[in-house]
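Remarks on the overall topology
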Amino acid sequence: MNDAIIIEGCLSNSPVAQRELYSRYSPKMLSVCFRFASSREDAEDMLQEGFIKVFTQMQSFQNKGAFEGWIRKIIVHTCINVLKRNKKFNQSVDLEEADFATVREAIPSIMQAKQVVECIRLLPIGYRTVLNLFAIEGFSHREISELMGIEESTSRSQYTRAKSMLEHILISRKIIDKKEPKTNLIAAM
Amino acid sequence: MKHPFDLDDFESFLSEQSEKLRMYPEDKVWRNIQQSLHGKDRWPALTFAAFLTGAFITVLLFLTHPAKELLNPNTSFATNRLPDVISPDVKLLNPISIVDKLPYAVDAIQSDAFHTSASASKKIADIVLVKTLATNYENVSFQEDAPVGLETGVEVLDDFQVMESSPALAKIIPIFPASLTRSEFQKIPDEDASAPSTAYMEVPVLTNSLAPLPASQEKGVSSTTVPARQLLSIQEPEKVNGRALQPKTIKPGRWALQFYATPSVSYRHLIDDKRKVLDQGSGPYALFITQEVNAFVRQKPKLGLEAGAAVLYSLSDNFRIKTGLQLNYRQFGISAYNTITEPARIDLDNGYGIRSMVQLTNISNQSGYREVELNNHFLQLALPIGFDLKIAEAKKVAFFVAASGQLTYQLKSNSYLISADFKNFIKNTDLDRKVNFNTAVEAFVTFKTGDIMWQAGPQIRYQLLPGSKSSYPIREHLMDYGMKVGITKTLK
């Protein structure tokens, strides 16, 4: 069953087509939600709300671009809305209180992808959200500022701090090697 | 890993790693989405079960607390001792209940509610009264040949039809052991409402309690006819001539023992809502599509047997509960082929991801050098709990409906699982569910001989939980259709 048939079925409110769409895209979308959420339960709540919007707004998909990208956009927006509704961003507004994340629990030894995602989730929620939106989802800082209700400069500074913090975590867990300092040949000479 | 934190590398690194991750949501997420889109699932089975339960409770209440208007226990009338002509051997059975009921019954028959002529009503009342008394007094017989005053051969068909369909009579008739028949009705004269009651009872009498009897005559052997209404005056047992009347109450035993066997045929229905087929084109991560599993499996029903013993307890004349122990043997066949040994994979979903189990097998679902039938069989020990409800009864024959739930424990099994790509079958070693639950409904006809009841009737049984553990993505439910035969003995 290809995407066109699924879309047509979903537009007809067919439970079979809806189930097929959900089965096909929920594993990837849940991992998207997992990067934004504080826990798996929160991620599933975001996923549930996101897919309900996908099915109810199916008629707004006008075959412009990839279907998966359209679904992903809805899911990401849903994640942001849930975080705003639950006032999670208030936890990370004060940058002075932000510090490097400490290791709260051991990351199980699984694939590197999950390790990286787990490290992203260790970041404070504001940093994590900006990082997800800019580095992974491809939003610009201007779009992020509109989405999260913050200044564009705040978005940039939070991203810089998030990146630095993430680097520290990944190195400490030996997921990546420590950055070698670039040698200045002219200075050396 | 090489440090990727140059500007362009960093985003690429995070994207690449994030895209690799797959996570599988709980079932409740999809259920909530479905409920939000389509509303709550309607459960007609629950509505039906609630209706059945309500109907059953209503019937049970009616049977244990029958209508009061005909059965007023507070009625009393003059207490007289037995007439002298009646022997103390005449024993009144259930004196209070029968005698209390009769006056009201007779009055109802004589009332205008029956829409019959006054004389016909009176005569009907007498005949019904006499027959009732005859069956409720020991050593008393009903004199079918009416004495002077009752004529035969009178056709009163229209009235009899009215009587037959009268709801008032329908209420009264059950309390009398014998129904009024057409031939008895035809003996009633059409007119003469003023005629006195001519219904008589033949009862043994004391010829002379004090005087010596002639040698040729046995004491109490002679009989006479007395007006039936004279016996109606007895309310409680009395002493007559120094001998006490002993009211005899008959109590049927409430406990019964039953042995039964149900040859049945087992059908298997497969349900799969998470079917996955590996798409070779997308690397180590599968692209998931759904298939309909029943289209791929060729199953054949086979004969099985359920046999056991049960103890029954009658809560009322029409309702009894039961429990016991039984053994279930169920089997069905799967058509397959023998082929060269090849690996086959089963995907198990434990809620945290897919775990694959690979096993070598020489059984193919598609083709091979020889056709073969895979015999799946199961031996279970079951604890049934249920009830029987009598719907209708006529003399020795009765019609029942019954339902039960069985908790089962699997003692032994031999079954096969289909592989993830539907191509092979793998012998099931440890995915069987040991404890399960069956429900059964049945209807049967019984024939009573003494205190033995013989029964036969159809039964449908359904296995509620899947036969395999929940990690196996295909749910299997067994349904059995059979004919139950049994023998029940009432324990005294």
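The following refers to the structure shown. All figures in this text were calculated on a predicted structure; none of them were measured in a lab. (Residues numbered from 1 in each chain as written. Chains lettered and ligands numbered in written order. Predicted model: local features only at pLDDT ≥ 70, side-chain atom pairs only at ≥ 80, totals over all residues.)

Bringing the overall build of chain A into the picture now. Scanning chain A from N- to C-terminus turns up 9 helices and 0 strands. Listed N to C, the secondary structure of chain A is α-α-α-α-α-α-α-α-α in terms of helices and strands. Out of the 189 residues in chain A, the part that is buried amounts to 36%. In chain A, 64% of the contacts between residues at least 6 apart in sequence involve partners at least 24 apart. (Helix = DSSP H or I, 4+ residues; strand = E, 2+ residues; numbered from the N terminus. Buried ≥ 20, exposed ≤ 12 C-beta atoms within 10 Å, placed from the backbone. Contact = placed C-beta atoms within 7 Å.)

Before going further, it helps to examine the nonpolar core. Across soluble globular proteins, you tend to see nonpolar side chains buried next to one another. By size, the foremost hydrophobic cluster in this structure holds 52 residues, and its most contacted members are Met 29, Cys 33, Cys 79, Leu 131 and Leu 166 of chain A. Top element by residues in this core is helix H2 (residues 15-36) of chain A. It accounts for 10 residues. Of the domains in this structure, domain 1 (1-86) and domain 2 (89-178) of chain A are the two that each give at least three residues to this core. Not counting residues within four places of it along the chain, the set of residues in contact with Cys 79 of chain A comprises Cys 33, Phe 36 and Met 46 of chain A. Ranked by size, the runner-up nonpolar core spans 12 residues in total, among them Ala 344, Leu 417, Ile 418 and Ala 420 of chain B. (Core = buried A, V, L, I, M, F, W, Y, C linked by C-beta atoms within 7 Å. Domains from an automatic or database assignment.)

The interface of chain A with chain B comprises 33 residues on the first partner and 29 residues on the second. Breaking the side of chain A that touches chain B down by element, the ones donating at least two residues are H2, helix H3 (40-56), helix H5 (112-121), helix H6 (125-136) and helix H8 (152-172) of chain A. The element best represented in the side of chain A that touches chain B is H2 of chain A, accounting for 13 residues. Tallied by class, residues from the side of chain A that touches chain B come to 17 nonpolar, 6 polar and 10 charged. (Nonpolar A, V, L, I, M, F, W, Y, C, P; charged D, E, K, R; others polar.)

Think of an α-helix as turning once every 3.6 residues; residues three or four places apart then point the same way. Residues and elements named next belong to chain A. Along helix H7 (residues 141-148), the residues classified as buried are His 141, Ile 144 and Met 148. The arc that holds every buried residue of H7, seen down its axis, measures 55°, which confines them to one face. Contact partners of the buried residues in H7: helix H4 (67-85), H6 and H8. Gly 149 occupies a position one or two residues after H7 and carries a positive phi of about 75°. (Arc of directions from axis to C-beta.)

Residues and elements named next belong to chain B. Note: strand E12 (residues 370-394) against strand E13 (residues 397-414), 17 bridges, orientation antiparallel. Looking at the pairing, Leu 383 lines up with Leu 407 of E13. Connecting the antiparallel pair E12 and E13 is a turn made up of 2 residues, with Lys 395 showing a positive phi of about 55°. Pairing between E13 and strand E16 (residues 435-449): 13 bridges, direction antiparallel. By the bridge assignment, Val 397 is partnered in E16 with Phe 447. (Pairing = 2+ DSSP bridges.)

What follows concerns H8 of chain A. All names here are of chain A. Over its 21 residues, H8 runs 30 Å from end to end, which matches the ideal 30 Å to within 8%, given 1.5 Å per residue. Every buried residue belonging to H8 is among Ser 155, Gln 158, Ala 162, Lys 163, Met 165, Leu 166, Ile 169 and Leu 170, and all of these are buried. Looking one or two residues beyond H8, the residue adopting positive phi is Lys 174, at roughly 60°. (Expected span 1.5 Å × (residues − 1).)

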